Amino acid sequence: MIFAASDIVLAAARLREGGVVAFPTETVYGLGADAFNEASVRHVFELKGRPSNNPLIVHIADAAGARRCVQAWPAAAATLADAFWPGPLSIVLPKHASIPEIVTGGGPNVALRSPDHPLTLALLRAFGGPLVGPSANRSGSVSPTTAAHVRGVWPLADVLVLDGGPCRIGIESTVVSLAGAEPKVLRPGMITPHDIARVLGRGVTFEAPAPDGGPLDSPGRLVSHYAPAARALLVENTDVAAAARPGCVAIVIRCELPPDVTTLRLPDDAPAYAAALYDTLRRADGLSPPLIVIERPDDSQDQRWAAVLDRLSRACAPRVTG
Ligand code: TXA
Ligand code: MG
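Residues numbered from 1 in each chain as written. Chains lettered and ligands numbered in written order. Predicted model: local features only at pLDDT ≥ 70, side-chain atom pairs only at ≥ 80, totals over all residues. Heavy atoms only, no water.

Draft legend 1. Summary view of the overall build of the chain. A count of helical and extended segments in the chain gives 10 helices and 14 strands. Put simply, the chain has 322 residues, and 55% of those count as buried. Summarising the internal contacts of the chain: among those between residues at least 6 apart in sequence, 65% fall at separations of at least 24. About 13,300 Å² of surface is accessible on the chain, with carbon and sulfur atoms providing 54% of the total. Within the chain, the 31 negative side-chain charges are centred at a point lying 3 Å from the centre of the 29 positive side-chain charges. (Helix = DSSP H or I, 4+ residues; strand = E, 2+ residues; numbered from the N terminus. Buried < 20%, exposed > 50% of the residue type's maximum accessible area, 1.4 Å probe, protein only. Contact = heavy atoms within 4.5 Å. Areas by Shrake-Rupley, 256 points an atom, 1.4 Å probe, with all protein chains shown as cover. Lys, Arg positive; Asp, Glu negative; His and termini not counted. Charge placed at Lys NZ, Arg CZ, Asp CG, Glu CD.)

Here is the structure:
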């Protein structure tokens, strides 16, 4: 990938001045700001329209950067960072006193991640400190996987957008907490509980999504999230044809539908499906259909489908806040 060194210098300067810079990662684009600058972090919450009790992930270049953000760096964290960083895994640990409470939504723990994107790793090194980086979308809507998805959401004066091309993974990182007695996955992603358990040599639990109104220990666990504006319905393969009336958009894997239904096809492979999912939801939404019907993938063969199904269920969930 080609990018200009001057872009990084400009972006790092903007961050130092307390500004906000959208950066590419391998998962989705993030809305970056200096994690130590409370006013900048507050601006990120305002831009996203995000409740202040939803904590932000802190991005660092490497494990050495992460250690400075936590009280202690346990062996399990070192093992996971060695195995998966830079990469799509966020590790939750008790925060260092220097991390402002606004970053962690008032809570005692901080989520840390080293993103696998050369442009953003170069930015983190040039800036020289940790950056908060929630997905660069307004709260509750579909996460951005291209620079074009971010541009136009906010004025350039508010958010400088670094273009690192389309995101390779396409859905948000796995969030694993090492803050309790047992490692616990709080948000599923392309790194599965099985992958984590194999590397740690011990069992890992998965905490099921909180019901509406439950504690917000993970924003991605809100029931309605990653949602298009149009109503969306997740249905079994056998029910797609009946649900997709003329004029609807159908997002399918195997189903064949009549030409009066706009059909967007995704591959029967969890990583490839995830990589295309958000852009496809946006394309479907752009047609302003009365309904988007989504064929439920068969998740029996590959644990990575759990992360895809998590996002699909939220995209289709009834809206709590409208
Ligand atoms: O892939 C990603 O993680 C992207 C890119 C930009 O790095 N970022 C992202 O951030 O998805 P956001 O803010 O949209 O989602 C934050 C997620 C929440 O679902 C929550 O589970 C978790 O991070 N999180 C953040 N801080 C936490 C904490 N202190 N304790 C528990 N979970 C936390
Ligand atoms: Mg998000």
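Draft legend 2. Structural detail: the packing of helix H1 (residues 5–16) against helix H5 (residues 118–127). For the pair H1 and H5, interaxial distance at closest approach is 9 Å and the crossing angle is 50°. Here H5 runs oblique to H1, going by the angle between their axes. The crossing of H1 and H5 is right-handed. Residues Ile8, Ala11, Ala12, Leu15 and Arg16 of H1 touch H5, and the partners they reach there are Leu119, Ala122, Leu123, Ala126 and Phe127. (Axes fitted to C-alpha atoms, helices over the stretch in contact; angles between N-to-C directions. Parallel < 35°, antiparallel > 145°, perpendicular 65-115°, else oblique. Left-handed = near helix turned anticlockwise from the far one by under 90°.)

Draft legend 3. Examining the environment of Arg187 more closely. One can find Arg187 in strand E9 (residues 184–187). Each C-alpha atom, one on Arg187 and one on Asp310, is 8.6 Å from the other, the two residues being 123 residues apart in sequence.

Draft legend 4. Structural view of helix H4 (residues 75–84). Along H4, the positions that sit buried rather than exposed are Ala77, Leu80, Ala81 and Phe84. For H4, the angular spread of buried residues about the axis comes to 100°, placing them on one side. Residues of H4 that are exposed and point over 90 degrees away from its buried face: Ala75 and Asp82. On its buried face, H4 is in contact with helix H3 (63–67), strand E4 (89–94), strand E8 (174–177) and helix H7 (193–200). (Arc of directions from axis to C-beta.)

Draft legend 5. Structural view of the pattern of salt bridges. Under the criterion given, the structure shown has 13 salt bridges. The partner of Glu172 in a salt bridge is Arg311, with the nearest N and O atoms 2.9 Å apart. Residue Glu172 is found in the loop between strand E7 (159–161) and E8, and its partner Arg311 is found in helix H10 (residues 305–316); the two are separated by 139 residues along the sequence. Taking relative accessible area as the criterion, Arg311 reaches 1% and is therefore assigned buried. Of the charged contacts, one joins Asp310 and Arg311 as a salt bridge, the two residues approaching to 2.9 Å between their closest N and O atoms. (Salt bridge = Lys/Arg side-chain N within 4 Å of Asp/Glu carboxyl O.)

Draft legend 6. Structural detail: the packing of H4 against H7. The N-to-C vectors of H4 and H7 enclose an angle of 115°; their axes lie 10 Å apart at closest approach. Read as a crossing pair, H4 and H7 show a hand that is right-handed. Between H4, through Ala76, Thr79, Leu80, Ala83 and Phe84, and H7, the contact on the second element is made entirely by Asp195, Ile196, Val199 and Leu200. Looking at the contact of H4 with H7 residue by residue, the classes come out as seven nonpolar, one polar and one charged. (Nonpolar A, V, L, I, M, F, W, Y, C, P; charged D, E, K, R; others polar.)

Draft legend 7. Highlighting the environment of Leu47. Structurally, Leu47 can be placed in helix H2 (residues 38–48). Under the relative-accessibility criterion, Leu47 is labelled buried at 8%. Taking the C-alpha atoms as reference points, Leu47 and Val20, separated by 27 residues in sequence, lie 9.6 Å from one another. For Leu47, the residues in contact, after removing those within four places along its chain, are Val20, Leu31, Arg138, Trp154, Asp158 and Val159.

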